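What follows is the residue order along each chain.
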Amino acid sequence: MQTIYLDMDGTIADLYGYKNWLKYIEREDTTPYRECSPLGDIDKLRAVLAAIGAHVKVISWAAKDDTMRYRRNVGSAKRRWVKNYLGKDVEVSVIQHGTPKTCYTNGTGGVAFDDDPDVIEDYKSHGIEAYQVSGIDDIVDILNDVAKTELEDARAREERRKR
């Protein structure tokens, strides 16, 4: 498997479930980014990512209509969140809101997960397998299916090779 691309807000991080999240953001306070909970069973996500052994990259938008200072602060908060929940080896790009996330991928290939249907379509138009999800549990289910399919394909190739 190639790179797995993850969105944060509304995909792996429950930003929108954080009480009064929008009021914090309007005041340029990073508290919700730092303190929001994972959006599902983060231990299962870590386990499946480790089992697959793929490179993981989080590509997440900063706040809409933010200042450069706030974008830097949001980036720092999101990187700390990812390090805390997914580990230090996960690459993180926090980019200006609305920037195509495909500008931050490693080219074609890989698997992407996001809650925004427009982002999903952009990934697909760039040759990246992409899934619209509403949390970690969806991601775990899909990754388990993808890994199972890849394993079955590898076994079939090995059987053909033996013939």
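All of these numbers come straight from a predicted model, not from anything done at the bench. (Residues numbered from 1 in each chain as written. Predicted model: local features only at pLDDT ≥ 70, side-chain atom pairs only at ≥ 80, totals over all residues. Heavy atoms only, no water.)

### Here we look at the environment of Arg69
Put simply, the test is: A helix here means a DSSP run of H or I that spans at least four residues, while a strand means a run of E at least two residues long, and both kinds are numbered starting from the N terminus.
The topology assignment puts Arg69 in helix 4 (residues 68-86). Sequence separation between Arg69 and Glu91 is 22 residues, and the spatial gap between their C-alpha atoms is 21 Å.

### Some remarks on the nonpolar core
The following threshold applies: Think of a nonpolar core as a cluster: buried Ala, Val, Leu, Ile, Met, Phe, Trp, Tyr and Cys residues, connected wherever their side-chain atoms sit within 4.5 Å. Three labels apply to residues, based on accessible area from a 1.4 Å probe with only protein chains included: buried if under 20% of the type maximum, exposed if over 50%, partly exposed otherwise in between. The criterion used for residue contact is that any of the two residues' heavy atoms lie within 4.5 Å.
By size, the foremost hydrophobic cluster in this structure holds 37 residues, and its most contacted members are Leu6, Ile12, Leu45, Val58, Leu86 and Phe113. Those elements that provide at least two residues to this core are strand 1 (4-6), helix 3 (42-52), strand 2 (56-61), helix 4, strand 3 (91-95), strand 4 (111-114) and helix 6 (136-162). If near-sequence neighbours (up to four positions away) are discounted, Phe113 is found in contact with Ile4, Tyr5, Leu6, Asp7, Thr11, Tyr131, Val133, Ile139, Ile142 and Leu143.

### Things to note about the packing of aromatic side chains
Under the convention used in this document: Paired rings are identified among Phe, Tyr and Trp, the last through its six-membered ring, by centres lying within 6.5 Å, and are further divided according to the angle between planes into stacked (under 30 degrees), edge-to-face (over 60) and tilted (the rest). Note on criteria: charge over ring means Lys NZ or Arg CZ within 6 Å of the ring centre, with the direction from the centre no more than 35 degrees off the ring normal.
Scanning all chains against the criterion turns up 5 aromatic pairs. With 6.2 Å between their ring centres and 20° between their planes, Tyr5 and Tyr123 make a pair best called stacked. Taken together, the residues span a long stretch of sequence, with Tyr5 in strand 1 and Tyr123 in helix 5 (residues 117-125) at a distance of 118 residues. According to the relative accessible area criterion, Tyr5 is buried, its value standing at 1%. Relative to Trp21, the ring of Tyr16 has its centre 4.9 Å away and its plane inclined at 70°; by these criteria the two rings are edge-to-face. Its relative accessible area of 43% is what places Tyr16 among the partly exposed residues. For Trp21, a relative accessible area of 24% translates into the label partly exposed. Between the NZ or CZ atom of Arg27 and the centre of the ring of Tyr24, over which it lies, the distance is 5.0 Å.

### Brief notes about the side chain of Thr30
Spelled out, the test is: Any N or O atom pair separated by 3.5 Å or less is treated as a polar contact, with the protein-specific requirement of one donor-capable and one acceptor-capable atom, and with residues adjacent in sequence counted only for side-chain atom pairs.
Topologically, Thr30 is positioned in the loop between helix 1 (21-26) and helix 2 (31-35). Polar contacts involving the side chain of Thr30 include one to the side chain of Arg34, which spans 2.5 Å. In this structure Thr30 touches Tyr70, Asn73, Val74 and Ala77, once residues within four positions along its chain are discounted.

### Some thoughts on the sheet that holds strand 2
For clarity, the cut-off: Between any two strands, pairing holds if DSSP finds at least two bridges. Lines fitted to the C-alpha atoms define the axes, with helices restricted to the stretch that makes contact. Angles between their N-to-C directions range from 0 to 180 degrees.
A sheet is described by the order of its strands in space; here 5 strands give the open sequence 3-2-1-4-5, paired in parallel fashion. If you trace the sheet from one side to the other, it starts and ends with strand 3 and strand 5 (129-132), each paired once. Looking at each pair of strands side by side, their axes are set apart by 20° on average, direction ignored. The pairing of strand 2 with strand 3 spans 5 bridges and is parallel. If you follow Ser60 over to strand 3, its bridge partner there is Val94.

### Some words on the confidence of the model for the protein chain
Short version of the rule: A residue's pLDDT is simply how confident the predictor is in it, with values from 0 to 100.
Overall, the predicted model of the protein chain reaches an average pLDDT of 93, with 97% of residues at or above 70. When pLDDT is averaged over each element of the protein chain, helix 2 comes out on top at 98 and helix 6 at the bottom at 82.

### Things to note about helix 5
Worth spelling out the cut-off: When we speak of the arc, we mean the arc of directions from the helix axis to the C-beta atoms.
All of the buried residues in helix 5 are Val119, Ile120 and Tyr123. End-on view of helix 5: buried residues confined to an arc of 100°, all on one side of the axis. More than 90 degrees from the buried face of helix 5, the exposed residues found are Asp118 and Ser125. Its buried side turned inward, helix 5 meets strand 1, strand 2, strand 4 and strand 5. Between a side-chain oxygen at the N-terminus of helix 5 and the backbone nitrogen of Asp118 the separation is 2.8 Å; the capping residue is Asp116.

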